[in-house]
Each structure stands twice: as C-alpha cells, then as structure tokens.
Amino acid sequence: MISILIVPFSFFYFQFKILFQVMRIMYNFNTNDYLVRIPIFIIFFWFGLLKILDMSPAQQFVQDTVYWMPFLSAENWTYVIGIWEMLIGLCFLFKKTTIIAMMLLFVQMSGTFLPLIILPEVTFQDSNPFFPTLEGQYIIKNIIIITAALVIGRAYLKVKLI
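Presented here is an overview of the structure given in this document. Everything quoted here is computed from the prediction, not taken from an experiment. Residue numbers run consecutively from 1 along every chain, following the written order of its sequence. Where local features are concerned, this predicted model is filtered to residues with pLDDT of at least 70; where side-chain atom pairs are given and counted, the filter is 80 or more; whole-chain, interface and lining totals use all residues. Hydrogens and waters are ignored; side-chain quantities use all the structure's heavy atoms.

Here's the deal with the environment of Ile-99
Thought 1: Strands here are runs of E lasting at least two residues and helices are runs of H or I lasting at least four, both read from the DSSP assignment and numbered beginning at the N terminus. Relative to the assigned elements, Ile-99 resides in helix 5 (residues 98–112).
Thought 2: Separated by 57 residues in the primary sequence, Ile-99 and Tyr-156 have C-alpha atoms spaced 8.6 Å apart.

Some words on the side chain of Thr-78
Thought 1: Relative to the assigned elements, Thr-78 resides in helix 4 (residues 74–93).
Thought 2: A 1.4 Å probe rolled over the protein chains alone gives each residue an accessible area, and that area as a share of the maximum for its type sets the label: buried under 20%, exposed over 50%, partly exposed in between. Under the relative-accessibility criterion, Thr-78 is labelled buried at 0%.
Thought 3: Polar contacts, as used here, are pairs of N or O atoms within 3.5 Å; protein pairs need one atom able to donate a hydrogen and one able to accept it. Residues neighboring in sequence count only if both atoms are side-chain atoms. Looking at Thr-78, its side chain comes within polar contact range of the main-chain oxygen of Ala-74, at 2.9 Å.
Thought 4: Not counting residues within four places of it along the chain, the set of residues in contact with Thr-78 comprises Lys-51, Gln-59, Val-62 and Gln-63. Residue contacts are defined here by distance: any two heavy atoms, one from each residue, within 4.5 Å place the two residues in contact.

A closer look at the pattern of salt bridges
Thought 1: Put simply, a salt bridge is a Lys or Arg side-chain nitrogen that is within 4 Å of an Asp or Glu carboxyl oxygen. In this structure the tally under the stated criterion is 1 salt bridge.
Thought 2: Between Glu-85 and Lys-51 there is a salt bridge; the shortest N-O distance is 3.0 Å. Of this pair, Glu-85 sits in helix 4 while Lys-51 sits in helix 2 (residues 34–52); the two residues are 34 residues apart in sequence, bridging distant segments of the chain.

Structure, rendered in structure tokens:
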C-alpha cells in the first residue's frame, strides 16, 4: 500500500525539484527580455523558413489571403511573407534592431488578421465570430505575440529613454 503512494509522490517531488531549479535560474535572468525574444525568433524564423521551402501547412491559406495583392503572384507573395517573417525573428534577437522588428511585426500582423475579415467562412464556424475554426484560432492566438512584442518594446524604450 505504501509503495503505491511513494511512486506518485517521488514523481511529483522530482517535478517540483526541477521547477525550483528553473525558478532559481529565472531569478537571475532578465525574464522580460530574452525569455521572450528567443521564442519569438524561433516561431517567426521557423514558420518563415517553412514558407520559403514550400513546406508550410498554411501555404494554401496564405495564398488564398494574398491572391488579390498587386505586383506578384500569390505564390511569390508567400515567399515574400516567409522572408519577412524570418527578418522579424532575426530582428527580435538583437536589442539594437528591436524597433525594426516591431515595425515589421505590426505590418505583418495586419496581414495576418486579414483572413478574419476576407475569409470568414474559413476562419469561423458558420461565419459566426464567436466560434473560430482551427485556422481562426491560429490567427487569434497572435494576440499573445503582439503582447510579447509590446513587452519587449516597452523594456527596450525604457532603457533607451533613461
């Protein structure tokens, strides 16, 4: 009977031990800067690279969104967006390019939210804005990326202005 209780206890004890080690590291780390910059870099660089390599699961979705844009075909706009996303990721890695990253991000995000308006039949169930589809949820979750960028920008501007 006691061994049944010891196994789960030891598992949770191990998890808490790891958690406290991570918390100790985080205490000495600038948590509102590179802990946010690095995941943003990974997301944008990775997803942008997938678009350039024609391996993005969102490829067709992006092309359906940008088909109306002038100068390039929808396929070529997908490559431009992929390069743009990789630049956003790279610019967020370095403090000196934070402002550039934020400008690129906010232009990109305006295009990212566009399908909610021009493709409601794809982004919402029965075009009901209270019931997003998987694609709609994928777009809406970008609110957290915008918020993270604002936190980074605030920290950067605070250091620059002082």
